Number of protein chains: 2
Amino acid sequence: MITIRDVAKQAGVSVATVSRVLNNASCSETARLAVESAVQNLGYSPNANAQALALQNTDTLGVVVTDVTDPFFAILVKSVDQVAHEYGKTILIGIGYHNAEKERNAIETLLRKRCSCLVVHSKALTDQELINYLEQAKGMVIINRCIAGYEHRCVSLDNQRGTFLATELLIKLGHRKIGYIGSNHQINDEVERKQGYLTALQQYGLPVIENTSVQNSPDFEGGEAAMIDLLSYHSDLTAVVTYNDSMAAGALSVLTENNINVPRQFSLIGFDDMPIASHLVPKLSTIRYPIDLMATYASKLALSLINENIETPIHTQFNPTVVRRFSTDSCYQR
Amino acid sequence: MITIRDVAKQAGVSVATVSRVLNNASCSETARLAVESAVQNLGYSPNANAQALALQNTDTLGVVVTDVTDPFFAILVKSVDQVAHEYGKTILIGIGYHNAEKERNAIETLLRKRCSCLVVHSKALTDQELINYLEQAKGMVIINRCIAGYEHRCVSLDNQRGTFLATELLIKLGHRKIGYIGSNHQINDEVERKQGYLTALQQYGLPVIENTSVQNSPDFEGGEAAMIDLLSYHSDLTAVVTYNDSMAAGALSVLTENNINVPRQFSLIGFDDMPIASHLVPKLSTIRYPIDLMATYASKLALSLINENIETPIHTQFNPTVVRRFSTDSCYQR
DNA sequence: CTGTTAGCGCATTCAT
DNA sequence: ATGAATGCGCTAACAG
């Protein structure tokens, strides 16, 4: 590997001078030219590790997500990458795979690499463990989770309000027997989303009927299986609220294959508003989860935490909102 | 930040000893215990940048892709990550965004960080430019592209054969007027895939009819627009081959909304075999692109290039294969 | 088994 | 404006 020393030799200057021209510090035009041509000649590229060591600071922003193949996280990563780019940083990704040990591992790897900032999505670790990391890493921010005492370093969405809104929409459309398809992952999101559904039923005086809530894996296949279960239990449900859009897509495919027309005979509402929602037939009504905006905000927040030149973004409360498309309609008597 | 020196002091040993126990070199049990407890106490975490500098080697495997929100690349990244994990490495991601300047930038950033290996997907750079990088980076491997003279460091798929197979399937089902929906990105893949379609028509003695090939953005919306164009031009097409599954999904939604039944009245075949293919109604027939296997292979290859302890994986030729689901059927006379 | 020490490649302070 | 020297945190060679 060719180093700054090689460049200095070829340019006939000291390493200090090379460093200066590379970092746009003051130097003579002659020196600049000599160095630049040497760099060109040799194909020199500064060693980022050495720079990090000397500067006690990296240009790296770490992100930990659960699974990059989930569009939700892909959008999160992309948003962080775009902010990083804007500030001349690069991103380092850690993948947690729904597993505490791996989440921990991912965070620690990023910490060992001395990422200046961290945007972490963690569902498997305890509050206390995350607090330890937050204390250790000044530039760390938590996304999609709110930890008491660290609200200013967390950016999250009110899940419960999301499913409340979804359920309320169905109720206002005249539905009275509304099911809920949830996730079988043991994470808070599920508890909160289900609660929003229940609260809406309660608030509108609707009874909670046995076996109208089912759980499965939070993906297409899980949605299919859950919808089949629901249809097996009940012949008179007219609508369903789902944990996320993928499950809604699975549910929709089961309904379609059973010749149950959505939305004429059955209404369906998703959660997240991922691209797939507007690609289904009919286009899926859903709750928008502004993960792109939230990730953008979280990244800027993280950046501001370690660099006082970057102003702290104004704290924004992100809200779930109803996106009404064509999978929801007035209740028809089945 | 707390360093190895702090640990040494607290444990009452030298930094060398600390380094030894951390790296499982020989040392006394007493030393091991003392160091381990000091590490625990202090919450010490080794500086990966310093390690990289001292070792002249990183545990980092770089990946450059076009866009993480594209499932194809998400799967690629995930596969690389899994191999990396297996070998105790971590991954660094660069995103090229369909742009030469950004692809270059991504590769160079990864190089500056001294990634030991690189798996790069590049469509915007020239062969020559990639060759320069290949020469510079011993552990670099190209995926989804084949560069003459560097075949042993490239892993790619025969695109042309893929669409040939797709078109052939439709022909064998009796279709005679078959359209092609292509990508409007100026990359080789499109040229090759379209060529496969044309070759099949020719080989089976079918005429190439005007305006049966249209191009649009290689995503759902592009597929919709392209299908609308095709329907506007022709009332007697009975089948279409698409550039990828997303476009097929868009095309399918247009057909469905126009009450053209797939596959009874119209056959459709995609390319890539992404998860979405089996989530459509009807499930999409497509050409499997084993990007997961290819990425796994590419990662191992890259690893073997820089570490003779890792054996070079046996060179495998990856082939596109037909996955017949329910969007293709015998031709019916429209 | 263990401590001392010399780099790894770079930025930076202090002289000049 | 420039060079010599120091240190960033760690590993490994060497000596003990």
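Residues numbered from 1 in each chain as written. Chains lettered and ligands numbered in written order. Predicted model: local features only at pLDDT ≥ 70, side-chain atom pairs only at ≥ 80, totals over all residues. Heavy atoms only, no water.

With that settled, consider the domain arrangement of chain A. Interface size is commonly expressed as the accessible surface area that is lost when the partners come together. According to the domain assignment, chain A contains domain 1 (1–46), domain 2 (55–156) and domain 3 (159–289). A C-alpha centroid distance of 36 Å is found between domain 1 of chain A and domain 2 of chain A. (Domains from an automatic or database assignment.)

Attention now goes to the interface of chain B and chain A. Each side of the interface is counted separately: chain B has 43 residues, and chain A has 43 residues. Carbon and sulfur atoms supply 57% of the area that chain B and chain A bury against each other, a total of about 4,000 Å² over both sides. The interface formed by chain B and chain A includes 4 salt bridges. Here Lys 113 of chain B and Asp 59 of chain A are joined by a salt bridge, their closest N and O atoms 3.0 Å apart. At the junction of chain B with chain A, the criterion picks out 18 residue pairs in polar contact (both at pLDDT 80 or more). The leading source of residues in the side of chain B that touches chain A is helix 5 (residues 71–86) of chain B, at 6 residues. (Contact = heavy atoms within 4.5 Å. Buried area = accessible area lost by both parts, 1.4 Å probe. Salt bridge = Lys/Arg side-chain N within 4 Å of Asp/Glu carboxyl O. Polar contact = N/O pair within 3.5 Å; in protein donor to acceptor, adjacent residues only side chain to side chain. Helix = DSSP H or I, 4+ residues; strand = E, 2+ residues; numbered from the N terminus.)

Quick look at the protein's contact with DNA strand D now. Close to DNA strand D lie 25 residues; Thr 17, Arg 20 and Ser 28 of chain A together with Ile 4 and Tyr 44 of chain B are nearest. Near the protein, meaning within 4 Å, the atoms of DNA strand D are sugar or phosphate in a fraction of 69%, with bases accounting for the rest. Measuring from a phosphate oxygen of DNA strand D, one finds a side-chain N or O atom of Tyr 44 of chain B at 2.3 Å. The separation between a phosphate oxygen of DNA strand D and a polar main-chain atom of Asn 47 of chain B is 3.1 Å. Broken down by secondary-structure element, the contributors of at least two residues to the surface near DNA strand D are helix 2 (15–22) and helix 4 (48–55) of chain A together with helix 2 (15–22) and helix 4 (48–55) of chain B. Ranked by the residues each element gives to the surface near DNA strand D, the list is headed by helix 4 of chain B, at 4 residues. For the surface near DNA strand D, the residue count by class is 13 nonpolar, 10 polar and 2 charged. (Near = heavy atom within 4 Å. Nonpolar A, V, L, I, M, F, W, Y, C, P; charged D, E, K, R; others polar.)

Let us look at the UniProt feature "domain: HTH lacI-type" (unreviewed entry) in chain A. UniProt's entry tags residues 2–55 of chain A with the feature "domain: HTH lacI-type" (unreviewed entry), counted in the numbering of this structure. Within residues 2–55 of chain A, the helical portion is 70% and the strand portion 0%, while the C-alpha atoms at the span's ends are 20 Å from each other. (UniProt positions renumbered as here; feature names shortened; annotations may be inferred.)

Residue and element names in this part refer to chain A. What the 4 strands build is an open sheet, ordered 7-6-8-9; its pairing is parallel. Here the strands that pair on one side only, and so sit at the sheet edges, are strand 7 (213–216) and strand 9 (267–269). The average angle at which neighbouring strand axes cross in this sheet is 20 degrees, direction not considered. Pairing analysis gives 4 bridges linking strand 6 (residues 178–183) to strand 8 (residues 239–242), with the strands arranged parallel. Bridge pairing in strand 8 links Ile 181 to Thr 242. (Pairing = 2+ DSSP bridges. Axes fitted to C-alpha atoms, helices over the stretch in contact; angles between N-to-C directions.)

Looking now at helix 3 (residues 29–42) of chain B. Residues and elements named next belong to chain B. Between the first and last C-alpha of helix 3 there are 20 Å, a value that for 14 residues agrees with the 20 Å anticipated at 1.5 Å per step. Taken together, the buried positions of helix 3 are occupied by Ala 31, Arg 32, Val 35, Ala 38 and Val 39. Summarising the axial view, the buried residues of helix 3 lie within an arc of 140 degrees, below the 170-degree limit, and thus occupy one face. Away from its buried face, by an angle of more than 90 degrees, helix 3 presents the exposed residues Glu 29, Thr 30, Gln 40 and Asn 41. Where helix 3 is buried, its residues touch helix 1 (4–11) and helix 2. Of the residues one or two after helix 3, Gly 43 is the one with positive phi, at around 65 degrees. (Expected span 1.5 Å × (residues − 1). Buried < 20%, exposed > 50% of the residue type's maximum accessible area, 1.4 Å probe, protein only. Arc of directions from axis to C-beta.)

A few words now on the packing of helix 2 of chain A against helix 3 (residues 29–42) of chain A. Residues and elements named next belong to chain A. In the contact formed by helix 2 and helix 3, the axes pass within 10 Å of each other and the chain directions differ by 90 degrees. In this view, helix 2 runs roughly perpendicular relative to helix 3, as classed from their interaxial angle. Residues Thr 17, Val 18, Val 21 and Leu 22 of helix 2 lie in contact with helix 3, whose contacting residues are Ala 31, Arg 32, Val 35 and Val 39. (Parallel < 35°, antiparallel > 145°, perpendicular 65-115°, else oblique.)

This part covers the protein's contact with DNA strand C. The full set close to DNA strand C counts 25 residues, and Ile 4 and Tyr 44 of chain A together with Thr 17, Arg 20 and Ser 28 of chain B are the nearest of them. A distance of 3.0 Å is found between a phosphate oxygen of DNA strand C and a backbone nitrogen or oxygen belonging to Ser 14 of chain B. Separating a phosphate oxygen of DNA strand C from a side-chain N or O atom of Ser 28 of chain B is a distance of 2.5 Å. Every element with two or more residues in the surface near DNA strand C is listed here: helix 2 and helix 4 of chain A together with helix 2 and helix 4 of chain B. Of the residues in the surface near DNA strand C, the class split is 13 nonpolar, 10 polar and 2 charged.

This part takes up the nonpolar core. Ile 143, Ile 181 and Met 227 of chain A together with Ile 143, Ile 181 and Met 227 of chain B are the most contacted members of the largest nonpolar core, which totals 152 residues. Leave out the neighbours within four places in its chain, and Ile 181 of chain B touches Val 214, Gly 223, Ala 226, Met 227, Leu 230, Val 240, Val 241, Thr 242, Tyr 243, Met 247 and Ala 251 of chain B. Counting residues in each nonpolar core, the second largest holds 40 residues, with Ile 107 and Cys 115 of chain A together with Leu 111 and Cys 115 of chain B among its members. (Core = buried A, V, L, I, M, F, W, Y, C linked by side-chain atoms within 4.5 Å.)

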